Amino acid sequence: MLIGLLSDLCLLFGGLLCLTGGVGLLRLPSFFVRLHAASVTETLATVFLIAGVMLDTGWALDTAKLLLLIVIMFVANPSITHALCRTAAHGKYRPESNHEPQASHQQENQSSNNSTS
Amino acid sequence: MNEILGHFNYLIVVLLMMMGLYVVIASPNLIKKLIGLSLFQASVFILFITFGKVSGGGPPILSQQLTAYSNPLPHVLILTAIVVGVATTAVGLALIVRVYEAYGTTDEDEIDAMDNADDKPVV
Amino acid sequence: MRDLFAVIMLFGIFSFIAALLFLDMDAVDVAFTEAAVGAGVTTVLMLSALRLTQRYENVSHRHAGMALVVVTLTGAALIYGTLDFPSLGDPNAPVHEHVAPEYLQQTPEKIGVPNVVTAVLASFRGYDTLGETVVIFSAGIVVMLLLGLGRAEDFEQQEDILILWVVVKPMVALILVFALYVQFHGDFGAGGGFQAGVIFASGFILYSLVYGENHTRKVLPARWLPRLAALGVLLYAGTGMFSFFKGQVFLDYNALADSPVSGQHLGILLVEAGVGLTVFSTVLLIFYAFSGRRAVVHE
């Protein structure tokens, strides 16, 4: 009974975190801020969702597989975020505030426009 | 009402199919056409899997807890179709790469114009 | 939407949602394959093709009107056609009548494998699967002929990305072991040769994306891949020919061992191994072909 309630709470909380991450992804101003919001909330959300399913399954082989999945998510998600940030920095994005970073294609057009005007 | 709900999947399938067809017809970019074709293909997969579903049944893996199973035959067909689809998409992409290297553009209208400019008038 | 990068990403998301849809309709094997193939391999392939062509679409001068008319008429005709279809989940639909209950009944007696999809794929409809495997093999050969495989010396050393290097190394090992697990566990749960081949190739693709092409080509040289693919098809057809030479029908696994059921088990094992080998080699071959092609910059 208690385990069922705990499982429901974990699933609900994980869903709420996912929703928060989604709202952050859409509404925040620039790339790095959005990445931070999406990655942090969604890593924790996945962990809670899988934990909720684990509590529901009880003691079975599937629980060990789900535990392995949690470990993988905890390791892989931040590494993916790091890879994304690194690629963006390589492509000349900068975490400036109040300034929407342009794609490098349009940035070249802008800089050439600025130099001619 | 149950009839309409039961046919909702088919409506979605036809919508996706028509979206894919629209992309293939209306977009001049070759890669976008290929993506539209993959969209069309995905809608056909959904159609087949919809045919196989049996309400109250489970996945077609025999176990003690299930009495009814979904039809395994569409699953078999679509399983191979998905992997064959990615292989043929790869062939299409390889052709597009060669076309780009030959013509300098992946825009179908520009390629047509280049081809027509090369045509000699018939004597 | 003129940025094709965004279009490809959206297509990857669409494939993933389609996989969830398949899962909801009790098609676990199909959902597995669609997630591995659609959300993984297709995205990488399309991005590789994008690197070799142009990223932004030109402004289209076409009129959308004609296309909309055609699409609306076709859509209306198709919806009129679907009115006769059975409702979703109807157990009395004609599609559940003839062959499917037979397969569901005969699988425990004749083949003894819990996963009916694997039994149908490898045993009851083994001939179709042989054809599909040959199609996949031919597609790999065509891509190799069109693009060439590239050479290991053409790639410069990848720069040092310490975090990714440390994290990806055990992950690649895990992915390869998981692929082998899926290959051999396909008889009992969702899985089988197709999924396992794709996942095995994804492990190599991940390694190549992080560690660089020249490392990966030293691990698995490109010239081996067409040979491995051909070996997979040979394994499949060879199993069929073996039972042919034993006096039975082509691809009849009953002749492979002493009792028919263990013959079926052995036959399914060999055939799925052949499929997995061919799919893995072909997907990796296609990736090598795309990444080995030098980008030609056109103005």
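Note that the coordinates shown come from a computational prediction; the quantities given were computed from them, not determined experimentally.

Counting secondary structure elements, chain B contains five helices and zero strands. For chain B, the N- to C-terminal ordering of α and β elements is α-α-α-α-α. Taking 123 residues into account, the globule formula puts the C-alpha radius of gyration at 14 Å, and chain B, at 21 Å, lies well above it. Each of the three principal axes of chain B carries a C-alpha extent, and together these read 75 × 35 × 25 Å. Going through the 123 residues of chain B one by one, you find that 53% of them count as buried. Taking as baseline every contact in chain B between residues at least 6 positions apart, the subset at least 24 positions apart corresponds to 41%.

With that settled, consider the overall build of chain A. If you tally the helices and strands in chain A, you get four helices and zero strands. In chain A, the succession of α and β elements from N to C terminus is α-α-α-α. Looking at chain A as a whole, 12% of its 117 residues are labelled buried. Within chain A, counting contacts between residues at least 6 apart in sequence, those at least 24 apart form 59% of the total.

Right, let's talk about the arrangement of the chains for a bit. A comparison of contact numbers over the two pairs of chains in contact places chains B and C at the top. For chain A and chain B, which are not in contact, the least C-alpha distance works out to 16 Å.

Glancing now at the environment of Leu79(B). Summarising the element assignment, Leu79(B) is placed in helix H4 (residues 72-103). Assessed through the 27 C-beta atoms surrounding it within 10 Å, Leu79(B) is described here as buried. Residues Leu79(B) and Asp107(B), spaced 28 residues apart in sequence, show a C-alpha to C-alpha distance of 33 Å. Apart from residues lying up to four places away in sequence, Leu79(B) is in contact with Asp29(C), Val30(C), Thr33(C), Val117(C), Leu121(C) and Phe194(C).

Right, let's talk about the interface of chain B and chain C for a bit. Contact residues are listed per partner, giving 67 residues for chain B and 78 residues for chain C. Elements with a minimum of two residues in the side of chain B that touches chain C: helix H1 (2-6), helix H2 (8-26), helix H3 (30-52) and H4 of chain B. Among the elements that make up the side of chain B that touches chain C, the one with the highest residue count is H4(B) (24 residues). Looking at side-chain class alone, the side of chain B that touches chain C contains 40 nonpolar, 20 polar and seven charged residues.

This part takes up the interface of chain C and chain A. You'll often see interface size given as the accessible area lost when the parts meet. Taken residue by residue, the interface counts six residues in chain C and seven residues in chain A. Of the residues contributing to the side of chain C that touches chain A, the split by class is six nonpolar, no polar and no charged.

Moving on to helix H8 (residues 193-211) of chain C. Residues and elements named next belong to chain C. With 19 residues, H8 extends 27 Å from end C-alpha to end C-alpha; this agrees with the ideal 27 Å at 1.5 Å per step. Among the 19 residues of H8, 16 are classified as buried, and the element is accordingly described as predominantly covered. Looking one or two places after H8, you find Gly212, whose phi comes out positive at around 100 degrees.

Take the packing of H8(C) against helix H11 (residues 260-292) of chain C next. Residue and element names in this part refer to chain C. Their axes nearest at 7 Å, the elements H8 and H11 cross at an angle of 35 degrees. Of the two elements, H8 crosses H11, and the hand of that crossing is right-handed. On H11, the residues touching Gly193, Phe194, Ala196, Gly197, Val198, Phe200, Ala201, Phe204 and Ile205 of H8 are Glu272, Ala273, Val275, Gly276, Val279, Phe280, Val283, Leu284 and Phe287. Split into classes, the residues belonging to the contact of H8 with H11 amount to 14 nonpolar, three polar and one charged.

Quick look at unusual backbone geometry now. Residue and element names in this part refer to chain C. In the Ramachandran plot, Asp26 falls in the positive-phi region, its phi being about 65 degrees despite a non-glycine side chain. Within the secondary structure, Asp26 sits in the loop between helix H1 (4-24) and helix H2 (28-52). Given 23 C-beta atoms within 10 Å, Asp26 falls into the buried group.

Next up on the list: the confidence of the model for chain A. Residues and elements named next belong to chain A. Confidence in the prediction for chain A averages 81 pLDDT; 81% of positions are at 70 or higher. When pLDDT is averaged over each helix and strand of chain A, the minimum, 44, is found for helix H4 (residues 104-116) and the maximum, 91, for helix H1 (residues 2-27). Residue range residues 104-117 is modelled with pLDDT below 50. Its contacts to residues more than four positions away, or to other chains, number six contacts.

All right, on to helix H7 (residues 162-185) of chain C then. Residues and elements named next belong to chain C. End to end, H7 covers 35 Å across 24 residues, agreeing with the expected 34 Å (1.5 Å per residue, within 8%). Restricting attention to buried positions, one finds in H7 the residues Val168, Ile175, Ala179, Val182 and Gln183. Against the buried residues of H7 lie H8 and H11.

The next thing to look at is the environment of Phe242(C). For Phe242(C), the position within the fold is in helix H10 (residues 224-245). A sequence separation of 220 residues divides Phe242(C) from Phe22(C), and the C-alpha atoms of the two residues are 37 Å apart.

Take the confidence of the model for chain B next. Mean pLDDT over chain B works out to 88, with 96% of the residues at or above the 70 mark. For this predicted complex, the interface confidence comes out at an ipTM of 0.90, alongside a pTM of 0.88.

What follows concerns the packing of H1(A) against helix H2 (residues 31-57) of chain A. Residues and elements named next belong to chain A. Packing of H1 against H2 leaves a shortest axis separation of 8 Å and a crossing angle of 160 degrees. With respect to their mutual orientation, H1 and H2 come out roughly antiparallel. Between H1 and H2 lies a crossing whose hand is left-handed. Considered class by class, the residues forming the contact of H1 with H2 number 16 nonpolar, seven polar and three charged.

In this structure, Leu146(C) sits in helix H6 (residues 126-147). Sequence spacing of Leu146(C) and Ala19(C) is 127 residues, and the spatial spacing of their C-alpha atoms is 31 Å.

Rules and cut-offs
- Residues numbered from 1 in each chain as written.
- Chains lettered and ligands numbered in written order.
- Predicted model: local features only at pLDDT ≥ 70, side-chain atom pairs only at ≥ 80, totals over all residues.
- Helix = DSSP H or I, 4+ residues; strand = E, 2+ residues; numbered from the N terminus.
- Rg over C-alpha atoms; globule rule 2.2 N^0.38 Å.
- Buried ≥ 20, exposed ≤ 12 C-beta atoms within 10 Å, placed from the backbone.
- Contact = placed C-beta atoms within 7 Å.
- Nonpolar A, V, L, I, M, F, W, Y, C, P; charged D, E, K, R; others polar.
- Expected span 1.5 Å × (residues − 1).
- Axes fitted to C-alpha atoms, helices over the stretch in contact; angles between N-to-C directions.
- Left-handed = near helix turned anticlockwise from the far one by under 90°.
- pLDDT = per-residue confidence, 0-100.
- Parallel < 35°, antiparallel > 145°, perpendicular 65-115°, else oblique.

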